[in-house]
Amino acid sequence: MSERLVLALFGSPRKTGPTGRLFDAFIKELPDDARVREFDAFSMKIAPCNGCGGCEKTGNCVLRDDMDEVYEAMETAHGIVIATPVYNLSFPAPLKAAVDRMQCYWSRRFLLGMRPPVKKPKVGALLLAAGSVEKSGTDVLERQTSMLMSVLHCRLTACVPFVGTDQTDAADREKAALLAAKQAGYAFFASR
Ligand SMILES: Cc1cc2nc3c(=O)[nH]c(=O)nc-3n(C[C@H](O)[C@H](O)[C@H](O)COP(=O)(O)O)c2cc1C
């Protein structure tokens, strides 16, 4: 059986924190033919989008750095998973830089009329860790991700929020969040 590539964007500076634990639970349940290519935003060198407008003419980013590997994987990936903590109601800065650098897909779709902007259709999942139980951070990230995925020819089929990670009763909620992450991993390709 041929492999199915999962492009994984990891947004936490910590591997074993709540985000890492959600991510591990998800990945372990993926089917055997899944090959995960993990991109750890905090260890990559990704320059921020500078709004130069280059992608508006060609559909490609003019900057050359570690983002090239993400662009390459994007063409062949069957699935995308984003695992991230909430930082100030958004993505942590290194992951936000990667997200902004995907503006080239928006340009392809809306300025250059490329439909779809990326050939291969994908399924997507979002795994979120938030210190607060208040939902505004996870809501904003779900909205951002769903808009992003729409220009990546990707259908967001699962969103697993682990909220209240910084509260004293976090362990009580973690069990349910890890179970939901496992179920999302197990069902990832079934949701295509
Ligand atoms: C710079 C910074 C900003 C944060 N902003 C938020 C926030 O806006 N909302 C929230 O719920 N938690 C916020 N948090 C808390 C983290 O989301 C929470 O601690 C999360 O569990 C970290 O996950 P990790 O250890 O897996 O990286 C913030 C944490 C940091 C360090």
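Chains are numbered independently. Their residues run from 1 in the order of the written sequence. Two thresholds apply to this predicted model, a pLDDT of at least 70 for residue-level local features and 80 or more for giving and counting side-chain atom pairs, whereas whole-chain, interface and lining totals are computed over all residues. To get the side-chain values, all heavy atoms of the structure are used, and hydrogens and water are removed first.

- You'll find the protein chain entered in an unreviewed UniProt entry as Flavodoxin family protein, with Solibaculum intestinale given as the organism.

**Some details on the side chain of serine 107**
Part 1 of the argument: Each helix is a run of DSSP H or I of at least 4 residues and each strand a run of E of at least 2, with the numbering of both proceeding from the N terminus. When you line up the elements, serine 107 lands in helix H5 (residues 103-111).
Part 2 of the argument: Contacts of serine 107, omitting those with residues within four sequence positions, involve Cys55, Glu56 and Leu112. Here a residue-residue contact requires only that any non-hydrogen atoms of the pair lie within 4.5 Å.

**Some remarks on the packing of helix H1 (residues 18-28) against helix H7 (residues 170-186)**
Part 1 of the argument: Relative orientation of the contacting elements H1 and H7 amounts to 35°, with a least axis distance of 7 Å. As for the relative orientation of H1 and H7, their crossing is right-handed in sense. Where H1 abuts H7, its residues Arg21, Leu22, Ala25 and Phe26 lie against Glu174, Ala177, Leu178, Ala181, Lys182, Ala184 and Gly185.
Part 2 of the argument: Grouping the constituent residues of the contact of H1 with H7 by class yields seven nonpolar, one polar and three charged. Orientation is described by axes fitted as lines to C-alpha atoms, over the contacting stretch for helices, and by angles from 0 to 180 degrees between their N-to-C directions. Here a crossing is called left-handed whenever its near helix is offset anticlockwise from the far helix by less than a right angle, and right-handed whenever the offset is clockwise. Residues are grouped as follows: Ala, Val, Leu, Ile, Met, Phe, Trp, Tyr, Cys and Pro are nonpolar; Asp, Glu, Lys and Arg are charged; all remaining types, including Gly, are polar.

**A few points about unusual backbone geometry**
Most of the time, phi is negative for any residue but glycine, and the peptide bond is trans.
Part 1 of the argument: Residue arginine 115 is joined to proline 116 through a cis peptide bond whose omega torsion reads 0°.
Part 2 of the argument: The backbone phi angle of asparagine 88 is positive, close to 45°, even though this residue is not glycine.
Part 3 of the argument: Inspection of the secondary structure puts asparagine 88 in the loop between strand S3 (79-85) and helix H4 (93-100).
Part 4 of the argument: Residue burial is assigned from relative accessible area. The probe radius is 1.4 Å, only protein chains are included, and a residue is buried under 20% of its type maximum, exposed over 50%, and partly exposed in between. When its relative accessible area of 80% is taken as the criterion, asparagine 88 is described as exposed.
Part 5 of the argument: Phi at leucine 89 is positive, roughly 60°, even though this residue is not glycine.

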